[in-house]
Amino acid sequence: MIMNKPFALAGAAALMLAACGGGAEPAATGFDLNSYEIVDLSHGYGPETVYWPNAPTRFEKTPIFEGERDDGMFYSAFTISTPEHGGTHMDAPYHFDPDGDYAADVPLTRLIAPAVVIDVTDKAAADRLYRLTAEDVAAFEKANGEIPAGAIVLMRTGWSKFWPDAEAYLGGSDPAALAFPSFGPDAARMLIEERGAAALGLDTGSTDYGPSQDFPVHRIMGAANTPGLENLTNLDRLPATGAIVIALPMKIEGGSGGPLRAIALIPKAK
Ligand code: MN
């Protein structure tokens, strides 16, 4: 089992040291959020949120009360409901593996970690069914160095531009014949088993490509207790390396996944 915690802490510490390298400022806290650009990697939840075509329900928000009370004071509160796997969300390992972690039990060290971003926008634009290959990972590493253990590996396809047009984003409305790019099994095995990725994420609806009915990447991830981050956005604003991702899902006990607020911290240029 590859440990991701030591690297995640070492990487964050290195960035903090870099951010505090000026010397003149008192280093009382050791972490200065102003040294980072914050990028929101989540879509919102609302009437337009994209769900799998056969999802039994969508995001629902109904008022318990919204308006002026009898005494004139304003008050609002709602009931919300959603399938776990729609919008920007986490796949817990339990999604495809009976022994995998539930959503509430995914270690935070897998969800707060340095990120690498593998950009296949051109290949995905030319082929909606593009799947990331081990060769793509090798080419990324030739340009950027080996992916360190404990990284959150993000695949950028450019698909976020279609959101929230579900037909364009998913490539259809028949759940047996969707068409969008994702990870391929060889790349997933390499990233998880050889590189020790903390998590895999991307800007399409699934860590398996659209037409998949046997979900090999999900099963590789589940067997390795590795969470997935799906329907991310703004990956075009991240550097290939150097960002820290903080991806915190709703802490659903016994859950197979859930709504996710993901952000990235990018060190500002000095
Ligand atoms: Mn999912």
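You'll find the structure just up there.
Just so it is clear, the structure is predicted and the values come from calculations on it, not from any experiment.

Teacher, can you tell me more about the overall build of the protein here?
If you tally the helices and strands in the protein, you get six helices and twelve strands. Counting every position in the protein, which comprises 270 residues, the buried fraction comes to 46%. Within the protein, residue pairs in contact and separated by at least 24 positions form 74% of the contacts whose partners lie at least 6 positions apart. Here the protein has roughly 13,100 Å² of accessible surface; of this, 55% comes from carbon and sulfur atoms.

Would you mind showing me how to read the layout of surface pockets here?
In this approach a probe as big as a water molecule rolls over the atoms, and the regions it shows empty are the leftover space. Approximately 300 Å³ is the volume attributed to the largest pocket. Surrounding the largest pocket, 19 residues form its lining, Trp 52, His 85, His 95, Gly 205 and Glu 230 being those nearest its centre. Broken down by class, the residue content of the lining of the largest pocket amounts to eight nonpolar, nine polar and two charged.

I would appreciate a short explanation of helix H6 (residues 216-223) in the present structure.
Each α-helix turn comprises 3.6 residues. Residues three or four places apart therefore point the same way. Where H6 is concerned, the buried positions are Val 217, His 218, Ile 220, Met 221 and Gly 222. Buried-residue contacts for H6 involve strand S4 (89-91), strand S8 (182-183), helix H5 (185-194), strand S9 (199-202) and strand S10 (228-230). Positive backbone phi, at 55°, marks Asn 225, one or two positions downstream of H6.

Explain the coordination of the manganese ion here, please?
Put simply, the ideal angle at a metal is 109.5 degrees for four donors in tetrahedral geometry and 90 or 180 degrees for six donors in octahedral geometry. At 2.0 to 2.5 Å from the manganese ion lie its protein donor atoms, namely His 85 (ND1), His 89 (NE2), Asp 91 (OD) and Glu 230 (OE). Going along the chain, you hit the donors of the manganese ion in the pattern H-x3-H-x1-D-x138-E. Placement of the pair is His 89 in strand S4 and Glu 230 in strand S10, with a sequence separation of 141 residues.

What is the right way to read a nonpolar patch on the surface from this model?
On the surface, Phe 31, Leu 33 and Ile 38 cluster together into a nonpolar patch covering about 260 Å² of accessible area. Counting through the fold element by element, Phe 31 comes out in the loop between helix H1 (5-19) and strand S1 (36-40). The class for Phe 31 is partly exposed, based on a relative accessible area of 35%.

Just checking my understanding: could you explain the environment of Ala 176 for this structure?
Among the secondary structure elements, Ala 176 is positioned in the loop between helix H4 (166-170) and S8. Once the C-alpha coordinates of Ala 176 and Pro 53 are considered, the two residues, 123 residues apart in sequence, prove to be 9.7 Å apart.

Is there a simple way to think about the pairing of strand S7 (residues 152-156) in this case?
As a general feature of sheets, a regular strand has side chains that alternate between the two faces. Extensive coverage of S7 is indicated by the burial of four of its five residues. Examined bridge by bridge, S7 and S9 share four bridges and lie parallel to one another. Paired with Leu 154 across the two strands is Gly 201, which belongs to S9.

Sorry, what's going on with unusual backbone geometry here?
Most of the time, phi is negative for any residue but glycine, and the peptide bond is trans. For the peptide bond that leads from Trp 163 to Pro 164, omega is 5°, which places it in the cis range. Of note, Pro 164 is situated in the loop between S7 and H4. Phi is positive for Asn 225, which is not a glycine, with a value near 55°. Position of Asn 225 relative to the elements: it lies in the loop between H6 and S10. Judged by its relative accessible area of 22%, Asn 225 is partly exposed. Here Asn 231, not a glycine, exhibits a phi torsion of approximately 60°, which is positive.

Teacher, can you tell me more about the pairing of strand S2 (residues 60-68) here?
The sheet contact formed by S2 and strand S3 (residues 74-81) spans eight bridges and is antiparallel. Residue pairing for S3: Lys 61 is matched across the bridge by Ile 80. In this antiparallel pair of consecutive strands, S2 and S3, the connection spans five residues, and Gly 72 shows a positive phi of 95°.

Teacher, can you tell me more about the packing of H5 against H6 here?
Two measures define how a pair of helices packs: the angle their axes make with one another and the distance between the axes. It is the contact of H5 with H6, at a shortest axis distance of 9 Å, that shows an interaxial angle of 15°. Relative to H6, the element H5 is oriented roughly parallel. Of the two elements, H5 crosses H6, and the hand of that crossing is right-handed. Of H6, the residues touching H5 (which contributes Pro 185, Ala 188, Arg 189, Ile 192 and Glu 193) are Pro 216, Val 217, Ile 220 and Met 221.

Before we go on, may I ask you to explain empty space enclosed by the protein in this structure?
For the structure on display, the rule yields one cavity of 30 Å³ or more. Reported here for the largest cavity is a volume of approximately 60 Å³. Surrounding the largest cavity, Asp 91, Ala 92, Pro 93, His 95, Phe 96, His 218, Met 221, Gly 222, Thr 226, Pro 227 and Gly 228 form its lining. For the lining of the largest cavity, the residue count by class is five nonpolar, five polar and one charged.

Reading guide: rules and limits
- Residues numbered from 1 in each chain as written.
- Predicted model: local features only at pLDDT ≥ 70, side-chain atom pairs only at ≥ 80, totals over all residues.
- Heavy atoms only, no water.
- Helix = DSSP H or I, 4+ residues; strand = E, 2+ residues; numbered from the N terminus.
- Buried < 20%, exposed > 50% of the residue type's maximum accessible area, 1.4 Å probe, protein only.
- Contact = heavy atoms within 4.5 Å.
- Areas by Shrake-Rupley, 256 points an atom, 1.4 Å probe, with all protein chains shown as cover.
- 1 Å grid on protein atoms, 1.4 Å probe; cavity = no way out; pocket = protein on both sides within 12 Å on 5 of 7 lines; lining within 4 Å.
- Points joined across faces, edges and corners; volume = space filled by probe spheres on them.
- Nonpolar A, V, L, I, M, F, W, Y, C, P; charged D, E, K, R; others polar.
- Donors = N, O, S within 2.8 Å, 3.2 Å for Na, K, Ca; no water.
- Patch = residues over 30% accessible without salt bridge, like charges linked within 9 Å, V, L, I, M, F, W, Y side chains within 5 Å.
- Salt bridge = Lys/Arg side-chain N within 4 Å of Asp/Glu carboxyl O.
- Pairing = 2+ DSSP bridges.
- Axes fitted to C-alpha atoms, helices over the stretch in contact; angles between N-to-C directions.
- Parallel < 35°, antiparallel > 145°, perpendicular 65-115°, else oblique.
- Left-handed = near helix turned anticlockwise from the far one by under 90°.

Without other data, these values stay purely geometric and don't point to any function.
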